[in-house]
Structure formats: C-alpha cells, structure tokens
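If you want the building blocks of each chain, they are given just below.
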Amino acid sequence: MNVEELIQTAIEARSLSYSPYSGFAVGAALECRDGSVYVGANVENASYPLCMCAERNALYSAMMDGKTREDFVALAVVADTEGPTSPCGACRQVLSELFPKEAPIYMSNLHGMVQKASVEELLPFAFDGDDL
Ligand code: THU
C-alpha cells in the first residue's frame, strides 16, 4: 500500500469514530510488513478521561491480532485539522514503546497536507522501560 492509500484508509476510518462530545473525528491506519492494515478511530466517553485516541486503537487492534513492533512499517493519522493532524502526547508515549523508532508516521488532514515524522522526532528523550 502506498502512502496515499494508507492516508485514504485513515480518512475512511474516521467514519468509525464515536466522538459525540468533541465532534472531532480522528482516523488512523497502521500498515504491517505482511501487507495487512489495521484501522482505528477515536472512541469517547461521557467520563471524558476515558476517551481513547484513534492511533492507540489502531495499534492495540493490531496487537490483539498478534502483531508486534517488528511488524509495523507505517502509521497514518488524519482529522479535519487546518494543518497536519498531530498525535497527542499520550499517543506519542505509547508509540515510543510499541512502534519502531524510525518508521514513518504520516500526519495528514482532509486537504491533502502530509507531514512525515518518526516517533523519535515526535518524542525525543522519551521515558521508557530502561528508566525504571
Ligand atoms: N484524538 C485522537 O484520536 N488522536 C490524537 O492524537 C489527538 C486526539 C481524539 C481524542 C478525542 O476523542 C478527540 O480527538 C478530541 O481530543
């Protein structure tokens, strides 16, 4: 799957978003080495802190299907933002542990903007298990 297709898959995943509180639908698509793609959308709750982001839902969905960090090759995230959609701090922390350090994360929007960054670039000096 090329980058455009991965982003398009993330755009389509937005339709799965349950976001009655923010009205902000986010979609993510996670590509694996074997060609499989796992999607995620944000799922909110009336108890706001329980909201789950699209990126983590995609990642956890893949892991529940037996995939691990070694399987992941690229991630796309899309929302209706003015600039490229940027993963939140919590997602950056989770990605820094579960997603390859140098694999591309494509941050896009509905207007065709695309910005690529690695998790290392998104979260330098990350806290990890070695710090414990
Ligand atoms: N959201 C994501 O899904 N991913 C991010 O990286 C940023 C925030 C969701 C959480 C919440 O449902 C809504 O966007 C507004 O914050």
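Residues numbered from 1 in each chain as written. Predicted model: local features only at pLDDT ≥ 70, side-chain atom pairs only at ≥ 80, totals over all residues. Heavy atoms only, no water.

Novice: Sorry if this is basic, but what is going on with the site of the ligand here?
Specialist: Near the ligand you find Ser22, Phe24, Val26, Asn42, Glu44, Cys53, Ala54, Glu55, Ser86, Pro87 and Cys88, and these make up its full shell. Here an oxygen atom of the ligand sits 2.9 Å away from a polar atom, N or O, in the main chain of alanine 54. For the ligand, the accessible surface in isolation is 380 Å², of which the surrounding protein chains cover 78%. Residue composition of the shell around the ligand, by class: 6 nonpolar, 3 polar and 2 charged. (Near = heavy atom within 4 Å. Polar contact = N/O pair within 3.5 Å; in protein donor to acceptor, adjacent residues only side chain to side chain. Areas by Shrake-Rupley, 256 points an atom, 1.4 Å probe, with all protein chains shown as cover. Nonpolar A, V, L, I, M, F, W, Y, C, P; charged D, E, K, R; others polar.)

Novice: Teacher, can you tell me more about the packing of aromatic side chains here?
Specialist: One pass over the structure, following the stated rule, counts 2 aromatic pairs. Ring geometry for tyrosine 21 against tyrosine 48: centres 5.7 Å apart, planes inclined by 50 degrees, an arrangement best described as tilted. Within this pair, whereas tyrosine 21 is found in the loop between helix 1 (3–13) and strand 1 (26–32), its partner tyrosine 48 is found in the loop between strand 2 (37–41) and helix 2 (54–63), the two being separated by 27 residues in sequence. When its relative accessible area of 40% is taken as the criterion, tyrosine 21 is described as partly exposed. (Phe/Tyr/Trp six-rings, centres within 6.5 Å; stacked < 30°, edge-to-face > 60°. Helix = DSSP H or I, 4+ residues; strand = E, 2+ residues; numbered from the N terminus. Buried < 20%, exposed > 50% of the residue type's maximum accessible area, 1.4 Å probe, protein only.)

Novice: Where do I start with the packing of helix 2 against helix 3 (residues 89–98) in this structure?
Specialist: For any two helices packed against each other, one specifies the inter-axial angle together with the distance between the axes. At a minimum axis separation of 10 Å, helix 2 and helix 3 run at an interaxial angle of 30 degrees. Between helix 2 and helix 3, the angle falls in the class roughly parallel. Two packed elements cross with a definite hand, and for helix 2 against helix 3 that hand is left-handed. Within the contact between the two elements, helix 2 uses Glu55, Arg56, Leu59, Tyr60 and Met63 and helix 3 uses Ala90, Cys91, Val94, Leu95 and Leu98. Considered class by class, the residues forming the contact of helix 2 with helix 3 number 8 nonpolar, no polar and 2 charged. (Axes fitted to C-alpha atoms, helices over the stretch in contact; angles between N-to-C directions. Parallel < 35°, antiparallel > 145°, perpendicular 65-115°, else oblique. Left-handed = near helix turned anticlockwise from the far one by under 90°. Contact = heavy atoms within 4.5 Å.)

Novice: I would appreciate a short explanation of the pattern of salt bridges in the present structure.
Specialist: Two side chains bearing opposite charge may form a pair once their charged atoms approach each other closely. Counted under the stated rule, the structure contains 1 salt bridge. The salt bridge partner of aspartate 34 is lysine 67, with a shortest N-O separation of 3.3 Å. Taken together, the residues aspartate 34 in the loop between strand 1 and strand 2 and lysine 67 in the loop between helix 2 and strand 3 (72–79) connect sequence positions 33 residues apart. Residue classification places aspartate 34 among the exposed residues on the basis of a relative accessible area of 55%. Judged by its relative accessible area of 11%, lysine 67 is buried. (Salt bridge = Lys/Arg side-chain N within 4 Å of Asp/Glu carboxyl O.)

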